[in-house]
Amino acid sequence: MSTLRKILVSKDISCKSVWFMRQAGRYLPEFREIRSQNQNFINLCLNSELSSKITLQPIKRFNLDSAIIFSDILMVPYALGQDVKFIKDLGPELSEFNIEKFLENSEKEFSKKLKPVYKAIEITRKSLDRDKSLIAFIGAPWTLLVYMLNIKKNKFEIDFNKLKKKDLDINKILSRLIKFLCIHIHNQISAGADVIQIFDSWAGIIPHNNIKDYCFIPNAKIVEFCKREKIPSICFPRGIKEKYKDFNEIVKPNGINIDYDIDPLWAKNNLRGTTIQGGLDPKKLLKSEKEMLEGATKYINTFKDIPYVFNLGHGLLPETDPDRVRKLIEFYRNHQ
Ligand code: CP3
């Protein structure tokens, strides 16, 4: 069994496990080289051989304990019929959402469009050591909706007027999304992935009165599906502050990734019965080595006697020096 599964499922605190969100990405020169020859990001994600190669780049370099498949949460809206473009320095841009078209999607067509992702998982699993996990992922329904409806105003707010003007049945769209996301999870696991991470990156902008319907319940339904299929899950409801406690008690995932606003000691005392993952601010890797390692020590020491997976409070930043990543992994592995 992989160290990640030992900590997530058996709650074994005697073993260590480290991986990083965005471990395959722009901070690696070997990624930038492939990327420079593949301008269309979606097409790159649909290239199974290259996807697999990129997935394995950080494993080759750092011998991390888990690989996360190189893909994107926006492959799901793509497979549900929206055009997805990545505009340099601006981020993703999706074509206009059409409810009739959305509701017409068939399960068969959806799985067919994502076949290259499943193929990439199959290829990767074959060349990955047995003791390493291959993590697959999805975007949580709310986070996907934010991109699909283009309702983000800025980093901290959603445009409610825009949402009202659209006059859509949000709960209906979320429940349709859950159905397709469970299919995507099932297909990724059948292809050889063995853990699922659920990214709710925009959970933090949900108004208080909607958090249950838009975040807790959709995540809970997906985690319940994973439990029925015996798939370990890790949730990352980024930015929900003290609501992490309710989230954990309602959703009950095997693991929960904390963001860098969450105090590790608070997490240890309030997030019970789960494996905690991550927390360290990725910006710490841009600071002095001393500052980075002091930051890491805080998490490692706080969580030394409970199930903990070493990771970050968000993805590695493009400007990170790969040697810093190496140092951080060595430090964690040598820490008593
Ligand atoms: O290494 C890994 O973590 C696996 C691959 C992965 C990517 N995206 C590749 C990627 C994963 C797990 C994701 C998840 C993802 N994608 C999230 C959830 C995590 C988070 O960051 O909050 C979200 C919100 C997205 C949507 C997305 N994809 C955005 C907003 C962007 C552009 C901004 C950015 O961060 O670059 C992407 C593009 C993207 N996805 C890149 C990579 C490596 C950068 C592509 C490039 O321009 O080279």
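My aim in this report is to walk through the structure given alongside it, one point at a time. Every chain begins its residue count from 1, and numbering advances along the sequence as written. Local features in this predicted model are restricted to residues of pLDDT 70 or higher, and side-chain atom pairs are both shown and tallied only at a pLDDT of 80 or more, whereas totals for entire chains, interfaces and linings draw on every residue. Heavy atoms from the whole structure form the basis of all side-chain values; hydrogens and water molecules are not counted.

1. Focus on the packing of helix 8 (residues 115-127) against helix 11 (residues 170-190)
Put simply, helix 8 and helix 11 touch, their axes get as near as 8 Å, and they point 30° apart. As summarised for this structure, helix 8 and helix 11 are arranged roughly parallel, according to the angle between their axes. The two elements helix 8 and helix 11 cross, and the hand of that crossing is right-handed. Packed against helix 8, whose contacting residues are Val 117, Tyr 118 and Ile 121, the element helix 11 presents His 184, Asn 187 and Gln 188 at the interface. Convention adopted: a line fitted to C-alpha atoms gives each axis, helices being fitted over their contacting stretch, and angles between N-to-C directions are expressed from 0 to 180 degrees. Only runs of H or I of at least four residues qualify as helices and only runs of E of at least two qualify as strands under DSSP, and these elements are numbered from the N terminus. Under this scheme an angle from 65 to 115 degrees is roughly perpendicular, one under 35 degrees roughly parallel, and one over 145 degrees roughly antiparallel; angles in between are oblique. Each crossing gets its handedness from the near helix: less than a right angle anticlockwise from the far helix is left-handed, clockwise is right-handed. Residue contacts are defined here by distance: any two heavy atoms, one from each residue, within 4.5 Å place the two residues in contact.

2. Digging into the sheet that holds strand 5 (residues 195-200)
Spatially, 7 strands are ordered 1-4-5-6-7-8-9 in an open sheet, and the strand pairing comes out parallel. Only two strands of the sheet have a single neighbouring strand rather than two, namely strand 1 (66-68) and strand 9 (308-309). Here a strand pair is declared whenever DSSP counts at least two bridges between the two strands. Relative to strand 8 (residues 275-278), strand 7 (residues 255-258) runs parallel, the two being bridged by 4 bridges. The residue of strand 8 that forms the bridge with Asn 257 is Gln 277.

3. Brief notes about the environment of Pro 318
Inspection of the secondary structure puts Pro 318 in the loop between strand 9 and helix 16 (322-334). Separated by 296 residues in the primary sequence, Pro 318 and Arg 22 place their C-alpha atoms 9.1 Å from one another. Residues in contact with Pro 318, not counting those within four places in the same chain, are Arg 26 and Tyr 27.

4. Section: the site of the ligand
Surveying the vicinity of the ligand reveals 21 residues, the closest of which are Arg 22, Arg 26, Arg 35, Asp 72 and Ser 201. Ser 201 places a polar side-chain atom, nitrogen or oxygen, 2.6 Å from an oxygen atom of the ligand. Here His 314 contributes a side-chain N or O atom positioned 2.9 Å from an oxygen atom of the ligand. The Shrake-Rupley method, run with a 1.4 Å probe, gives the accessible areas here. Residue values count only the displayed protein chains as cover. In isolation the ligand exposes 860 Å². Once the protein is present, 86% of that is buried. Throughout this document, a residue counts as near a molecule or strand when at least one of its heavy atoms sits within 4 Å of that molecule or strand. Two N or O atoms form a polar contact when they lie within 3.5 Å of each other; inside protein one atom must be a possible hydrogen donor and the other a possible acceptor, and for residues adjacent in sequence the pair counts only when both atoms belong to side chains.

5. Notes on helix 8
The end-to-end C-alpha separation of helix 8 is 19 Å, in line with the 18 Å expected for 13 residues at 1.5 Å each. Among the residues making up helix 8, those that are buried are Val 117, Tyr 118, Ala 120, Ile 121, Thr 124 and Arg 125. The buried residues of helix 8 occupy an angular sector of 155° when the element is viewed end-on, so they sit on one face. Away from its buried face, by an angle of more than 90 degrees, helix 8 presents the exposed residues Lys 115 and Lys 126. A helix is expected to reach a length of 1.5 Å times the quantity of its residues less one. With a 1.4 Å probe rolled over the protein chains alone, any residue whose accessible area is under 20% of its type maximum counts as buried; one over 50% counts as exposed, and the rest are partly exposed. Read the arc as the range of directions from the helix axis to the C-beta atoms.

6. Things to note about the pattern of salt bridges
Should a side-chain nitrogen of Lys or Arg be within 4 Å of a carboxyl oxygen of Asp or Glu, the pair is scored as a salt bridge. In this structure the tally under the stated criterion is 11 salt bridges. Here Asp 65 makes a salt bridge to Arg 333, at a shortest N to O gap of 3.3 Å. Taken together, the residues Asp 65 in the loop between helix 4 (48-62) and strand 1 and Arg 333 in helix 16 connect sequence positions 268 residues apart. Given a relative accessible area of 32%, Arg 333 falls into the partly exposed group.

Everything listed is a geometric property; what it means functionally is a separate question.
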